[in-house]
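Here's the letter readout for the chains.
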Amino acid sequence: MPALQPLQASDLPEQCGCSFGEKKGVPLIFWSWENDKQNAVIREPGGLRKLTLRSEKYFPAQHEPPRPGDRMTLQLAQGNWSIQTVSEVTASCSAKAKSCKGTDYRSHLILQWAGRQRTEMRGWGRCGC
């Protein structure tokens, strides 16, 4: 399986979205829901690759603000890549918070390439604008 490389600051669009990675603060995946595009981006040895959202689920049903313990799963795919994120809220902002922006997650990332090679990693997630 080609190794995912850390996304660079220039790879991250300036829009609302979620970053996921293994090492805290080093994003490997960025997913944006803005403009109904529902796309994600990863960096592989050949450069950037866009992935399309195939499935998005929330347990319990999605609400604002999310509460610790709420879960979110995303299924992203394109070409030979399939990535699933399974994330649990660890911290979020109250609806009245003015200086707090975003939601933090503990994430399990499942990467599959060419339908056969699979890697799992524990990591982090952060969603916000």
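Sequence positions are assigned chain by chain, starting from 1 and proceeding in written order. Selection of residues for local features in this predicted model requires a pLDDT of at least 70, selection of side-chain atom pairs for listing and counting requires 80 or more, and totals for whole chains, interfaces and linings are taken over all residues. Calculation of side-chain values draws on the structure's entire complement of heavy atoms; hydrogens and water are dropped beforehand.

Glancing now at the overall build of the protein. Counting from the N terminus, the helices are DSSP H or I runs at least four residues long and the strands are E runs at least two residues long. Broken down by element type, the protein carries zero helices and eight strands. Along the protein, from the amino end to the carboxyl end, the secondary structure elements read β-β-β-β-β-β-β-β. Relative to the 2.2 N^0.38 estimate, which gives 14 Å for 129 residues, the radius of gyration of the protein is 14 Å and therefore close to what a compact globule would have. By its C-alpha atoms, the protein is 45 × 30 × 30 Å across when sized along the principal axes. Taken over C-alpha atoms, the radius of gyration is set against a globule rule of 2.2 Å times the number of residues to the power 0.38.

To continue, consider the environment of Trp124. Tracing the chain through its elements places Trp124 in strand β8 (residues 117-128). With a relative accessible area of 9%, Trp124 lands in the buried category. On a C-alpha basis, the gap between Trp124 and Leu109 in space is 9.0 Å, while along the polypeptide they are 15 residues apart. With residues up to four places along the chain from it excluded, the contact list for Trp124 reads Ser19, Phe20, Gly21, Glu22, Lys23, Lys24, Gly25, Val26, Pro27, Tyr105 and Ser107. Using a 1.4 Å probe on the protein chains alone, a residue whose accessible area is under 20% of its type maximum counts as buried, one over 50% counts as exposed, and one in between counts as partly exposed. The criterion used for residue contact is that any of the two residues' heavy atoms lie within 4.5 Å.

Two cysteine sulfur atoms form a disulfide, by the criterion used here, when they sit within 2.5 Å. In total, this model carries two disulfides according to the counting rule given. The disulfide bridge from Cys16 ends at Cys129, spanning 1.8 Å between sulfur atoms. Between Cys16 and Cys129, the S-S torsion sits near 110 degrees, and that sign places the bridge as right-handed. Of this pair, Cys16 sits in the segment before β1 (17-21) while Cys129 sits in the segment after β8, and the two are 113 residues apart along the sequence. Sulfur-sulfur distance for the disulfide between Cys18 and Cys127 comes to 1.9 Å. Sign of the S-S torsion, about 110 degrees for the bond between Cys18 and Cys127, identifies this disulfide as right-handed. A residue pair is termed long-range when its members are at least 10 positions apart, and Cys18 in strand β1 and Cys127 in strand β8 qualify at 109 residues. Look at Cys18 and you get buried, because its relative accessible area is 1%.

Before going further, it helps to examine the confidence of the model for the protein. As a per-residue measure, pLDDT tells how confident the predictor is, with possible values from 0 to 100. Summarising the model, the protein shows a mean pLDDT of 89, and 97% of its residues fall at 70 or more. Per-element mean pLDDT across the protein ranges from 92 in strand β3 (residues 39-44) up to 96 in strand β5 (residues 71-78).

A word on the pairing of strand β6 (residues 81-91). In this structure, β5 lies alongside β6, joined through eight bridges in antiparallel fashion. Each residue of the ladder has a partner; that of Arg71, found in β6, is Glu88. Between β5 and β6, which follow one another and run antiparallel, lie two residues, and Gly79 among them has a positive phi close to 55 degrees. Of the strand pairs in this sheet, β6 and strand β7 (residues 103-113) are connected by ten bridges, and their pairing is antiparallel. When the bridges of β7 are listed, Val86 appears paired with His108. Two strands are counted as paired when DSSP detects at least two bridges linking them.

Bringing the sheet that holds β6 into the picture now. The eight strands lie next to each other as β1-β2-β3-β4-β5-β6-β7-β8, forming a closed barrel whose pairing is antiparallel. The average angle at which neighbouring strand axes cross in this sheet is 30 degrees, direction not considered. Convention adopted: a line fitted to C-alpha atoms gives each axis, helices being fitted over their contacting stretch, and angles between N-to-C directions are expressed from 0 to 180 degrees.

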